[in-house]
Amino acid sequence: MQELKPIKEGKVREIYDNGDSLIMVATDRISCFDVILNNKVTDKGKVLTQMSRFWFDYTKDIIPNHMISTDVADMPEFFRTPEYDGKSMLCRKLRMLPVECIVRGYITGSGWASYVKDGTVCGIRLPEGLKESDKLPEPIYTPSTKAEIGDHDENISYEQSIEYLEKRFPGKGEEYASKLRDYTIALYRKCADYALTRGIIIADTKFEFGNIVLGDEMLTPDSSRFWPADRYEPGHGQPSFDKQFARDWLKANEGHDWTLPADVVDKTIAIYKEGYTLLTGKTL
């Protein structure tokens, strides 16, 4: 069996060349605040891949996506092992656009911090009197640049995203920016409405596109904030079905050297799996 090496490694994902396609593997690594932690979270990669698979299937009527298969039988022999089974996705090759497409339906996290400071989020002025975790009157699109590993993404305005894309795709900046915005909002609305019927609030998320095709991951606990609807209470931070639990522990424990205790790792994967089951009706 030929051993394969990834052609690109991100904070969590590894990408392998497969001729006219790619194989994207979601590892069990966990990243918080753009730092890869020392721990691995067993089965986390399966949650990410299988949740993306669910959402790609659910939204293919809105926009095409890059998924071909998540069955390792459709992949080279190297991937037909327990290490890769369930974590791997065979994908179309795309020319990825250099913008992270962030949509916020509720005000929380860095958006809340910005609102408290000057009443805006990424240059968008919001109504006065909002409380932390309030639902916004309408979802807002707040793009960012895509940082290299080890660097931080930079929030940009919609107008800046036009300029940013224009520099890389002359004559296409405004077209690409408007399509990214409109698809991002449409995807969020459909998926947030569905999730609410399953007892989950999608507070915010991010999408990535290539050639105006949806790629990368989709609505996973790594890229989104999922809140239990039955415990939703504006005015403070919310419990969540994502890696916010790990983030909160890191913020509360200085000198942690980016290592989570075993009980925090166990709780984190339990939260991931609970969210997956609620949204999909399936267990891993």
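Up top is the structure these notes are about.
In this report, the structure presented in the accompanying data block is examined. None of these values were measured; they are calculated from a predicted model. (Residues numbered from 1 in each chain as written. Predicted model: local features only at pLDDT ≥ 70, side-chain atom pairs only at ≥ 80, totals over all residues. Heavy atoms only, no water.)

## Let's talk about the overall build of the protein
For step 1, the next point in the chain: Secondary structure summary: the protein contains 6 helices and 15 strands in total.
For step 2, the next point in the chain: On C-alpha atoms alone, the protein measures out to a radius of gyration of 19 Å, which is about the 19 Å that the 2.2 N^0.38 rule sets for 284 residues.
For step 3, the next point in the chain: Taken along the three principal axes of its C-alpha coordinates, the protein extends 60 × 50 × 40 Å.
For step 4, the next point in the chain: Counting over 284 residues, the protein shows a buried share of 53%.
For step 5, the next point in the chain: Pairs at least 24 apart in sequence give 61% of the contacts found in the protein among residues at least 6 apart.
For step 6, the next point in the chain: Charged side chains of the protein number 38 positive and 46 negative; the gap between the two group centres comes to 2 Å. (Helix = DSSP H or I, 4+ residues; strand = E, 2+ residues; numbered from the N terminus. Rg over C-alpha atoms; globule rule 2.2 N^0.38 Å. Buried < 20%, exposed > 50% of the residue type's maximum accessible area, 1.4 Å probe, protein only. Contact = heavy atoms within 4.5 Å. Lys, Arg positive; Asp, Glu negative; His and termini not counted. Charge placed at Lys NZ, Arg CZ, Asp CG, Glu CD.)

## Let's talk about the nonpolar core
For step 1, the next point in the chain: Within the largest apolar cluster, 64 residues are counted, with the highest numbers of intra-cluster contacts made by W55, L180, I202, F207, F209 and M218.
For step 2, the next point in the chain: Setting aside anything within four residues of it in sequence, one finds W55 in contact with C191, Y194, I202, M218, L219 and L279.
For step 3, the next point in the chain: One finds I23, V72, F78 and F79 within the second-largest nonpolar core, a separate group that totals 10 residues. (Core = buried A, V, L, I, M, F, W, Y, C linked by side-chain atoms within 4.5 Å.)

## Some points on the side chain of T268
For step 1, the next point in the chain: With respect to the helices and strands, the residue T268 is situated in helix 6 (residues 262–280).
For step 2, the next point in the chain: A relative accessible area of 1% means that T268 is categorised as buried.
For step 3, the next point in the chain: Among residues more than four places away in sequence, those in contact with T268 are I30, F245 and A246.

## Comments concerning the sheet that holds strand 6 (residues 67–69)
The pairing of strands in a sheet comes from backbone hydrogen bonds and takes either a parallel or an antiparallel form.
For step 1, the next point in the chain: Pairing within the open sheet is antiparallel, and its 5 strands lie in the order 1-2-3-7-6. This sheet does not close on itself; its edge strands, each paired only once, are strand 1 (8–9) and strand 6.
For step 2, the next point in the chain: Where strand 1 lies against strand 2 (residues 13–18), 2 bridges are found, and the strand directions are antiparallel. Paired with E9 across the two strands is E14, which belongs to strand 2.
For step 3, the next point in the chain: Packed on one face of the sheet, helix 1 (residues 44–59) meets strand 2, strand 3 (21–26), strand 6 and strand 7 (88–92) and runs near 40° to strand 7. (Pairing = 2+ DSSP bridges. Axes fitted to C-alpha atoms, helices over the stretch in contact; angles between N-to-C directions.)

## A closer look at the packing of aromatic side chains
For step 1, the next point in the chain: One pass over the full model with this rule turns up 17 aromatic pairs.
For step 2, the next point in the chain: With a centroid separation of 6.0 Å and an interplanar angle of 75°, the aromatic rings of W55 and Y58 are classed as edge-to-face. One end of the pair is W55 and the other is Y58, both in helix 1 and 3 residues apart, which spans about a single turn.
For step 3, the next point in the chain: Using a relative accessible area of 27% as the deciding quantity, one classes Y58 as partly exposed.
For step 4, the next point in the chain: With 5.7 Å between their ring centres and 85° between their planes, Y106 and Y232 make a pair best called edge-to-face. Separated by 126 residues along the polypeptide, Y106 in strand 8 (residues 99–106) and Y232 in the loop between strand 15 (224–228) and helix 5 (244–252) bring together distant segments of the chain.
For step 5, the next point in the chain: For Y232, a relative accessible area of 26% puts it in the partly exposed group.
For step 6, the next point in the chain: Residue placement shows R168 over the ring face of Y164; its charged tip is 3.8 Å from the ring centre.
For step 7, the next point in the chain: Note that K190 overlies the ring of Y58, its terminal NZ or CZ placed 4.6 Å from the centroid. (Phe/Tyr/Trp six-rings, centres within 6.5 Å; stacked < 30°, edge-to-face > 60°. Lys NZ or Arg CZ within 6 Å of the ring centre and 35° of its normal.)

## Some thoughts on helix 6
For step 1, the next point in the chain: Here helix 6 is 19 residues long and its end C-alpha atoms lie 27 Å apart, about the 27 Å a rise of 1.5 Å per residue gives.
For step 2, the next point in the chain: Buried residues of helix 6: V264, V265, T268, I269, I271, Y272, G275, Y276, L279 and T280, and no others. Projection of helix 6 onto a plane perpendicular to its axis shows the buried side chains occupying an angular sector of 150°, all on one side. In this structure, helix 6 carries A262, D263 and D266 as exposed residues pointing more than 90 degrees from its buried face.
For step 3, the next point in the chain: A positive phi of about 80° marks G281, the residue just after helix 6. (Expected span 1.5 Å × (residues − 1). Arc of directions from axis to C-beta.)

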